[in-house]
Amino acid sequence: MVAKKQKMKRTYIKFRCSLFEKKLLRIKAKKSGLSVSEYCRRAAFGDRIIERLTEEQIDIYKMLIQYATNFKLIGNMFRKRNPKLAEEVTKLAEEIRDHLKNFKK
């Protein structure tokens, strides 16, 4: 396996910003798992910057996936006895899945 050569970043660029802006840049960089300089580079070049999820957000995401699965199972269980209820529960499961898909974007 051949290692790729990384480009050395040797040139410095300075820009002025307020103390508030500096703190905000640090917070946003930390949330996205980047250094401040990498965050600024990506922002300057219009690259997509994705905020990393917290452990709590990941747990909630997993919980919603489980809820969607459970509602789908409940809908299947009531399909023959009460088709209207089964349809409503299945619709709810689909709504949860749609929100989860939007969450991934």
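For the structure, check the block above.
Calculation notes
- Residues numbered from 1 in each chain as written.
- Predicted model: local features only at pLDDT ≥ 70, side-chain atom pairs only at ≥ 80, totals over all residues.
- Heavy atoms only, no water.
- Helix = DSSP H or I, 4+ residues; strand = E, 2+ residues; numbered from the N terminus.
- Buried < 20%, exposed > 50% of the residue type's maximum accessible area, 1.4 Å probe, protein only.
- Contact = heavy atoms within 4.5 Å.
- Disulfide = S-S within 2.5 Å.
- 1 Å grid on protein atoms, 1.4 Å probe; cavity = no way out; pocket = protein on both sides within 12 Å on 5 of 7 lines; lining within 4 Å.
- Points joined across faces, edges and corners; volume = space filled by probe spheres on them.
- Nonpolar A, V, L, I, M, F, W, Y, C, P; charged D, E, K, R; others polar.
- Expected span 1.5 Å × (residues − 1).

S.K.: How would you explain the overall build of the chain if you had to name every residue and give the values?
M.R.: Within the chain, the secondary structure is distributed over four helices and zero strands. Element order for the chain, N to C, with α for helix and β for strand: α-α-α-α. For the chain, the proportion of its 105 residues judged to be buried stands at 14%. Here the contacts in the chain between residues at least 6 apart in sequence split such that 33% fall between residues at least 24 apart.

S.K.: Give a detailed account of the state of the cysteines, specifying residues and quantitative values.
M.R.: In the structure shown here, the tally under the stated rule is zero disulfides. Just so you know, Cys17 is unpaired, no disulfide at all, and the nearest cysteine sulfur is the one on Cys40, 8.0 Å from it.

S.K.: Can you tell me about the layout of surface pockets, naming the residues and giving the values?
M.R.: If you add up the space inside the largest pocket, you get close to 680 Å³. What lines the largest pocket is a set of 17 residues, and nearest its centre among them are Ile13, Phe15, Ser37, Cys40 and Arg41. The set of elements that each furnish at least two residues to the lining of the largest pocket consists of helix H1 (19-31) and helix H2 (36-44). Among the elements that take part in the lining of the largest pocket, H2 stands out by supplying five residues, more than any other. A per-class count over the lining of the largest pocket returns nine nonpolar, two polar and six charged.

S.K.: Summarise H1; cite the residues concerned and give the values.
M.R.: Working note: α-helix, 3.6 residues per turn, so residues spaced by three or four point in the same direction. When the terminal C-alpha atoms of H1 are compared, their 18 Å separation across 13 residues agrees well with the 18 Å that a helix rising 1.5 Å per residue should span. Positive phi appears at Gly33, one or two residues downstream of H1, with a value of about 75 degrees.

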